[in-house]
Amino acid sequence: MAAAAAAAGVAPVSARFLVSKEQFHAYLRARSQPGGQEGAGGEQEENGAEEKKEEEEEKEEEKEKVGSCWGEPPAKRVKSEALGEDGEGREDGRAEEKEEVVEQKRARGQNKSRPCMKPNHYEQIRLCPSVTQGCAEKCYFGSRCRFLHDIREYMATKPADLGHSCVLFETFGKCIYGVTCRFAQAHLGDGYQNIVNVELAKQWEGKALVRNNLPKDLQHQLRKRKFSFRKADEYLRALTKPRGDGGKGGKATGCSVEKEEMSNCTTPREGLGDSPECPVLPEQGEDPKADTLLSPGPTSGEEASSIQTVGPVTDEDVIKLRSCEKKKLEIQGKLYLAPLTTCGNLPFRRVCKRFGADVTCGEMAVCTNLLQGQSSEWALLKRHHTEDIFGVQLEGAFPDTMTKCAELLNQTIEVDFVDINVGCPIDLVYKKGGGCALMTRSNKFEQIVRGMNSVLDIPLTVKIRTGVQEKLNVAHKIIPKIREWGAAMVTLHGRSREQRYTRGADWDYIAECAKIASPMPLFGNGDILSYEDANRAMQMGVSGVMIARGALIKPWLFTEIKEQRHWDISSSERFDILKDFSNYGLEHWGSDTQGVEKTRKFLLEWLSFLCRYIPVGLLEHLPQKINERPPYYMGRDYLETLMASQNVDDWIKISELLLGPVPANFTFLPKHKANSYR
C-alpha cells in the first residue's frame, strides 16, 4: 500500500492513521462542537460521516462556488472536474479543451481574483493617532480630522479585548497603542490612562530593535526627486558614450575581473574615480533610458566638481572603494533562508533565526517602488536586531533604476549584501523584463550587475534558475559571465521558469554549475525538507544550501540539519511556534485592530504551507519529500489533526485560538495555490 501511495505522488503515511476525506472532516466538526470529545476509532468517525454526509456535500458545493479551499486545493481537482461522471470526456471536445485550459490557469500560481479585505477596513470608527499618543491638541487637521477624538465614545464602540495580557506591555514596559490596543485591559488605568512600567521601559530606551526604517525626510526627497545619485549617474552616462572605434553601441564590452582587480588593488584612481573602467554600452537599437533619471544631475559637459556637497569632503567621498577592499561575504557552509514573498516577513524570519537559520534575506522588493519612496515597499527592507547576516533582494528590468536603487540602499540602510532576483517566474514580473526574463536579456543583465556592483560597498549576489524553458538549461553559460561581471555569489534554483515549483529540482545540474562557478561560491536551492536532503545537496559540491518552501513547511528544519536528526515535534510544540509568531507579529505590526488582523492575515498565509507537514511518527518511512501530497490522516491528538487540515475554515479556527474571533464578514483565500504536487 505504501509503495502504491508513493507511486501516486502521495506521502507514505502509516495505514493505521489514514482516513477518508469524509471521516477527516466529520471528526473535526464533531470536536469543534460544544462538549465534543475526541473520536475513539474508525467506527465513530464513519458514523459521524454517514450522519452528516449530505451537509458536508452542500457545504463543499457552496465553498467551491466562492473559490474557497474547502478540502483539497483546486490543483488536485482539475483532472477529476474536467471529466464527466462516467469518467469520459464531454461531447464537445473543443469546449472541454477550453475549460481544461481555464482550470489549469486557475490551479497554478497566485489567486489573483481572491477577495481582498484590508486590515484597516475591519474598524468602522478609528481613534485619531494624536489622541493615542496623548497630544490631541496637536492634531494637524483640527476640526477637519476624520478620526474620532472622544475616547469615551470610541471605547463605547470598540470591540471586546482579545486577552488579559499585552505582549508589548510585558516585553517593553509600554504599549504605544494605548486605548486602541486589543489587549488594553492589561495596561489601562483610571480614566483610560496608559500605564507604563518605567523600570522595564528604561531597559529598552535608545535601543533600535528594528532597523532600515524609512525616514520622512528621505521619503520626501524621493517623492520630489531631490535625492542625489552621483555614482549611478556617472555610470549611466558612461553607457551612453559611443565606442572608441565610432561604432553605434552594440554588445556590452567585457573586462575580466582579474584585470579590474589588478588595477584596483595597485594604484588609487585619479579624481573622483566613480566611472567604471569598463563602461557597458547599450544594446543596439535600444534606448538606454539614461534621459529618464530620477534626480537632477550634472550633464555630460559639466565637471564633477560642480556637484554640491553637504559637510566636509573626505577621502571616502572622492576615492572609490577598491574591489579588494569591499566587505567579503563569508557564508560558505551556512544555512540560508530564502527571500520568500508574502511569507518571508520579519516575524517569520525571527522564528527561523531561533531555530538556527544563519543567513536571512528580506522579501523581494521592486526597485521602482523603492525609488518612489513607497512605505509598503520599504517595509520589506526592515531588519530585526537578531538578524546578524541580513540581505535585501531587488527586482528590476533596467540598469538605470537598479543602479540608482543600489546606490540609494548603500547610503541609507544597513545590510550585509544585496541580491538581484533573476529567478522570479510570475508573469507580472517576467513580461516586464525582470526576474527570469533577464536570463534572456544578457546585455541588460550585464549592465545591471556591473552598475550595481560599481555603486555598492557591500557584496552583490544573484539568484537564478536553470533557465526559462524546461528542457533548455542556460545557467551554466550565464554563471561564468556573472562571475566576470563582479558578483560575489550565485544561488541556483534547480528548476526552470516553466517548471515553477513542480517536479524535482535538478541537483545533478546544480553540481555541474558549482564546478563551473568556482572559485565564486554557488548555493543550491530546491526540494530540501530534511537533513538527508541537505547532506546530499552539500555532497554535490555547492558552497551552501538555500532553504525556501522547506522552511515554510517546517521552520525547525534548520535545527534538524544542524543536529542531524528527525524531530518528531509534538502538536503543542508546533502550536507554541505559532504563538511566538503571533507575538512577533503584534510587536511588528501592532496590537490594535489593524495590527491584529494583519498578523492574522500573514499567519493564515503561513498555515497554507504548514498544513503540508506530516509528523515523523506517522510516516511509513522517512523522510517526507517536499512534492509528495499529504493524504487525509488522523493525528495522534485533536490539535495535530486540526493542523493537518487543508480547509481554510480550520486555519481560521487556529488563528482564533491565538488572536481571538475574526471580525464580521471575514474572508480569506491564500495567495499561492497548491500546484507543487503535480
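For clarity, every value in this text was computed on a predicted model and none was experimentally measured.

What counts, and at which threshold
- Residues numbered from 1 in each chain as written.
- Predicted model: local features only at pLDDT ≥ 70, side-chain atom pairs only at ≥ 80, totals over all residues.
- Heavy atoms only, no water.
- Helix = DSSP H or I, 4+ residues; strand = E, 2+ residues; numbered from the N terminus.
- Buried < 20%, exposed > 50% of the residue type's maximum accessible area, 1.4 Å probe, protein only.
- Contact = heavy atoms within 4.5 Å.
- Areas by Shrake-Rupley, 256 points an atom, 1.4 Å probe, with all protein chains shown as cover.
- Salt bridge = Lys/Arg side-chain N within 4 Å of Asp/Glu carboxyl O.
- Axes fitted to C-alpha atoms, helices over the stretch in contact; angles between N-to-C directions.
- Parallel < 35°, antiparallel > 145°, perpendicular 65-115°, else oblique.
- Left-handed = near helix turned anticlockwise from the far one by under 90°.
- Nonpolar A, V, L, I, M, F, W, Y, C, P; charged D, E, K, R; others polar.
- Pairing = 2+ DSSP bridges.
- Right-handed = clockwise from strand over helix to strand, strands pointing away.
- Phe/Tyr/Trp six-rings, centres within 6.5 Å; stacked < 30°, edge-to-face > 60°.
- Lys NZ or Arg CZ within 6 Å of the ring centre and 35° of its normal.
- Arc of directions from axis to C-beta.

A. Broad picture of the overall build of the protein chain. A count of helical and extended segments in the protein chain gives 29 helices and 10 strands. Within the protein chain, the fraction of its 678 residues that count as buried is 51%. Counting contacts in the protein chain only where the partners sit at least 6 residues apart, residues at least 24 apart contribute 73% of the total. Total accessible area computed for the protein chain in this model is approximately 32,700 Å², and 49% of it derives from carbon and sulfur atoms.

B. The pattern of salt bridges, seen in detail. Counted under the stated rule, the structure contains 24 salt bridges. The partner of arginine 354 in a salt bridge is aspartate 580, and the shortest N-O contact between them spans 2.7 Å. Of this pair, arginine 354 sits in helix α15 (residues 346–354) while aspartate 580 sits in helix α26 (residues 571–589), placing them 226 residues apart in sequence. Judged by relative accessible area, which is 24%, aspartate 580 ranks as partly exposed. Put simply, glutamate 560 and lysine 554 hold a salt bridge, and the shortest N to O gap is 2.7 Å. Both residues of the pair, glutamate 560 and lysine 554, belong to the buried class. Here the salt bridges do not stand alone but share partners, grouping Asp427, Arg497 and Arg500 into one network.

C. Main features of the side chain of aspartate 650. Inspection of the secondary structure puts aspartate 650 in helix α29 (residues 648–659). Since its relative accessible area comes to 5%, aspartate 650 is described here as buried. Sequence-distant contacts of aspartate 650, defined by excluding residues within four places in its chain, comprise His25, Leu28, Leu642 and Ser645.

D. Spotlight on the packing of helix α12 (residues 230–240) against helix α18 (residues 399–412). Interaxial distance between α12 and α18 falls to 8 Å at its minimum, and their mutual angle equals 155°. Judged by the angle between their axes, α12 and α18 are roughly antiparallel. In terms of crossing hand, the pair formed by α12 and α18 is right-handed. Residue-level contacts link Arg230, Lys231, Ala232, Asp233, Tyr235, Leu236 and Leu239 of α12 to Pro399, Asp400, Thr403, Lys404 and Glu407 of α18. Of the residues belonging to the contact of α12 with α18, the class tally is five nonpolar, one polar and six charged.

E. Representation of the pairing of strand β6 (residues 417–422). With respect to burial, β6 is a largely interior element, six of its six residues being buried. Burial along β6 is two-sided: the face carrying Phe417, Asp419 and Asn421 and the face carrying Val418, Ile420 and Val422 are both buried. Here four bridges tie strand β5 (residues 390–395) to β6, and the two strands are oriented parallel to one another. Note on β6: the bridge partner recorded for leucine 394 is isoleucine 420. Between β5 and its parallel partner β6, the chain crosses via α18, and the hand of that crossover is right-handed. The sheet contact formed by β6 and strand β7 (residues 460–465) spans five bridges and is parallel.

F. Structural view of the packing of aromatic side chains. Scanning all chains against the criterion turns up 12 aromatic pairs. Measuring from centroid to centroid gives 6.0 Å for tyrosine 336 and phenylalanine 523, while their planes differ by 75°, and the two rings are edge-to-face. Here phenylalanine 523 lies in strand β9 (residues 522–525) and tyrosine 336 lies in strand β2 (residues 335–337), a separation of 187 residues in the sequence. Each member of the pair tyrosine 336 and phenylalanine 523 is classed as buried. Put simply, the rings of Tyr336, Phe417 and Phe523 touch in pairs and so form one group of aromatic residues. Just above the ring of phenylalanine 355 sits the side chain of arginine 354; from NZ or CZ to the centre is 4.9 Å. The side chain of arginine 465 reaches across the aromatic face of tyrosine 501, ending 5.1 Å from its centre.

G. Quick look at the sheet that holds β5. The parallel open sheet is built from eight strands, whose spatial order is β2-β10-β9-β8-β7-β6-β5-β3. In the strand order of this sheet, the two ends are held by β2 and β3 (360–366), each with one partner. Averaged over neighbouring strand pairs, the angle between their axes works out to 25° when direction is ignored. As defined by bridge partners, strand β8 (residues 489–493) adjoins β9 across four bridges and the pair is classed as parallel. Its bridge partner being in β9, valine 490 is matched across the sheet by leucine 522.

H. Structural detail: unusual backbone geometry. Cis geometry is adopted by the peptide bond preceding proline 519, which originates at serine 518 and carries an omega value of 10°. Mapped onto the fold, proline 519 is located in the loop between α22 (507–517) and β9. In this model, leucine 622 is joined to proline 623 through a cis peptide bond whose omega is -5°. With respect to the element layout, proline 623 can be found in the loop between α27 (593–610) and α28 (638–643). Positive phi, close to 50°, is recorded for glutamine 564, a residue that is not glycine. Position of glutamine 564 among the secondary structure elements: in the loop between α25 (557–563) and α26. The class of glutamine 564 is partly exposed, set by a relative accessible area of 38%.

I. Region of interest: helix α11 (residues 216–223). Turning to α11, its buried residues number three or more, namely Leu218, Gln219 and Leu222. Seen end-on, α11 carries its buried residues on one side only, within an arc spanning 100°. Exposed side chains of α11 directed beyond 90 degrees from the buried face belong to Lys216 and Asp217. Looking at the packing, one finds that the buried side of α11 touches α16 (367–371), α17 (375–378) and α18. Positioned one or two residues after α11, arginine 225 has a phi angle of 55°, which is positive.

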